[in-house]
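Survey of secondary and tertiary structure
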Amino acid sequence: MKKLFEVVFLEGAFEFLKSLDRKHYEKILYNIRKAQNEHDPKLFKKLTNEIWEFRTLYQGLQYRLLAFWDKTYDVETLVIATHGFIKKESKVPDREIENAGQSRKKYFEDKRKNKGR
């Protein structure tokens, strides 16, 4: 089965996963792999026009990794995971969405600058 997208972890997402117990980050990675192969809003859901979230509920904790799409390559579609957090409110905090938006902006600015090299 062909994956719907590839996932790239920015430093913030990588550091978040690294900070978790092994079974917890393994469950998150398992759910991300599932989301790569099937459309399931329980696993990967749109929050705004530009920001999405990988969702994992494990041992009573709601883990979220925020992400955005990079469809600039002809050969593959990338989803860039910006950072993660444990969700404690019913709604994803605006500051987390803003943080992901800033990471998205910096990612595409850096990509434009590096394209000229």
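In short, a report on the structure. Since the structure is predicted, the reported quantities are computational estimates derived from the model, not experimental observations. For every chain, the first residue of the written sequence is number 1, and numbering continues from 1 onward in sequence order. Under the rules for a predicted model, residues below a pLDDT of 70 receive no local features and side-chain atom pairs below 80 are neither given nor counted, while totals for whole chains, interfaces and linings still include all residues. Just so you know, side-chain values use all the structure's heavy atoms and leave hydrogens and water out.

Moving on, we get to the overall build of the protein chain. Numbered from the N terminus, helices here are DSSP runs of H or I no shorter than four residues, and strands are runs of E no shorter than two. When helices and strands are tallied, the protein chain shows three helices and five strands. Expected size for 117 residues packed as a compact globule is a radius of gyration near 13 Å; at 14 Å, the protein chain falls within 12% of this value. Dimensions along the principal axes, computed over C-alpha positions, put the protein chain at roughly 45 × 35 × 25 Å. Expressed as a percentage of the 117 residues in the protein chain, the buried residues total 38%. Any two residues whose heavy atoms approach within 4.5 Å are treated as being in contact. Intrachain contacts of the protein chain at a sequence separation of at least 6 include 53% that bridge at least 24 residues. As displayed, the protein chain has an accessible area near 7900 Å², and 49% of this comes from carbon and sulfur atoms. None of His or the chain ends enter the tally, which takes Lys and Arg as positive and Asp and Glu as negative. Where a charge sits is defined by one atom per residue type, namely NZ (Lys), CZ (Arg), CG (Asp) or CD (Glu). When the 26 positive and 18 negative side-chain charges of the protein chain are each reduced to one mean point, those points stand 2 Å apart. Both definitions apply: the radius of gyration is a C-alpha atom measure, and the globule rule equals 2.2 Å times residues to the power 0.38. Relative accessibility decides the category of a residue: with a 1.4 Å probe and only protein chains considered, values under 20% of the type maximum give buried, values over 50% give exposed, and everything between is partly exposed. Each accessible area is a Shrake-Rupley result for a 1.4 Å probe, and residues are judged covered by the shown protein chains and nothing else.

This brings us to the nonpolar core. We call a set of buried residues a nonpolar core when its members are Ala, Val, Leu, Ile, Met, Phe, Trp, Tyr or Cys and they connect through side-chain atoms within 4.5 Å of each other. Ranked by internal contacts, the top residues of the largest apolar core, which has 19 residues, are F5, F16, I28, F44, F54 and L65. Looking at this core, the elements that each hand over two or more residues are α1 (11-19), α2 (22-35), β3 (52-58), β4 (61-70) and β5 (78-87). Other than its neighbours up to four places away in sequence, F54 contacts F5, V7, I32, A35, L43, F44, Y63, R64, L65, A67 and V79. Core analysis: the second largest hydrophobic core is formed by eleven residues, L66, F68, F85 and F108 among them.

Attention now moves to the side chain of Q36. The topology assignment puts Q36 in the loop between α2 and β2 (44-46). Pairing of N or O atoms within 3.5 Å defines a polar contact, subject to two protein rules: one partner must be a possible hydrogen donor and the other a possible acceptor, and residues neighboring in sequence count only if both atoms are side-chain atoms. At a separation of 3.0 Å, a polar atom in the side chain of Q36 contacts the main-chain carbonyl oxygen of F5. Dropping the residues within four chain positions of it, Q36 is found in contact with K3, L4, F5, E6 and V7.

Right, let's get into α2. Compared with an ideal rise of 1.5 Å per residue, which puts 14 residues at 20 Å, α2 spans 20 Å between its outermost C-alpha atoms and is within 8% of the ideal. By the burial criterion, the buried members of α2 are H24, I28, N31, I32 and A35. Summarising the axial view, the buried residues of α2 lie within an arc of 105°, below the 170-degree limit, and thus occupy one face. In this structure, α2 carries R22 and K23 as exposed residues pointing more than 90 degrees from its buried face. Residues of α2 that are buried in the fold lie against β1 (6-9), α1, β2, β3 and β4. One less than the residue count of a helix, multiplied by 1.5 Å, gives the span that helix is expected to have. Relevant arc is that of directions from the helix axis to the C-beta atoms, nothing else.

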